[in-house]
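Residue-level listing of the chains:
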Amino acid sequence: MKPLIEYDRKSILSEEVFMEIFDQEDEIKKARMLLSCEERASWVLRLSLISW
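The structure reproduced in this document is the subject of the present report. Since we're looking at a predicted model, the values are computed, not measured.

### Let's talk about the overall build of the chain
Line of reasoning, step 1. If you tally the helices and strands in the chain, you get 2 helices and 0 strands.
Line of reasoning, step 2. The principal-axis extent of the C-alpha atoms belonging to the chain is close to 40 × 15 × 15 Å.
Line of reasoning, step 3. Of all 52 residues assigned to the chain, the portion counted as buried reaches 19%.
Line of reasoning, step 4. For the chain, the exposed surface amounts to about 4300 Å²; the carbon and sulfur share of it is 58%.
Line of reasoning, step 5. Charge-centre separation for the chain: the mean point of 8 positive side chains lies 8 Å from the mean point of 11 negative side chains.

### Some thoughts on the packing of aromatic side chains
Line of reasoning, step 1. Inspection of the entire model under this criterion finds 0 aromatic pairs.
Line of reasoning, step 2. The positively charged end of Lys2 is found above the aromatic ring belonging to Tyr7, 4.9 Å away from the centroid.

### Things to note about the nonpolar core
Line of reasoning, step 1. If you look at the biggest cluster of nonpolar residues, it comprises 6 residues: Tyr7, Ile12, Val17, Ile21, Met33 and Cys37.
Line of reasoning, step 2. Residue assignment for this core shows that the elements contributing at least two residues are helix H1 (15-22) and helix H2 (27-51).
Line of reasoning, step 3. Not counting chain neighbours up to four residues away, the residues in contact with Val17 comprise Met1, Tyr7, Ser11, Ile12 and Cys37.

Rules of the game
- Residues numbered from 1 in each chain as written.
- Predicted model: local features only at pLDDT ≥ 70, side-chain atom pairs only at ≥ 80, totals over all residues.
- Heavy atoms only, no water.
- Helix = DSSP H or I, 4+ residues; strand = E, 2+ residues; numbered from the N terminus.
- Buried < 20%, exposed > 50% of the residue type's maximum accessible area, 1.4 Å probe, protein only.
- Areas by Shrake-Rupley, 256 points an atom, 1.4 Å probe, with all protein chains shown as cover.
- Lys, Arg positive; Asp, Glu negative; His and termini not counted.
- Charge placed at Lys NZ, Arg CZ, Asp CG, Glu CD.
- Phe/Tyr/Trp six-rings, centres within 6.5 Å; stacked < 30°, edge-to-face > 60°.
- Lys NZ or Arg CZ within 6 Å of the ring centre and 35° of its normal.
- Core = buried A, V, L, I, M, F, W, Y, C linked by side-chain atoms within 4.5 Å.
- Contact = heavy atoms within 4.5 Å.

Below is the structure:
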């Protein structure tokens, strides 16, 4: 997966991102990836609302 900083509000929700997360066999790493994506998505959403 590329660094989260490179994802915008559309790409963070892409099937590619979710497939990579759910293909992860390590449940702890999977949970961390989900939390990181959630944090990034909320940050991107806040930025888009401010600039809107």
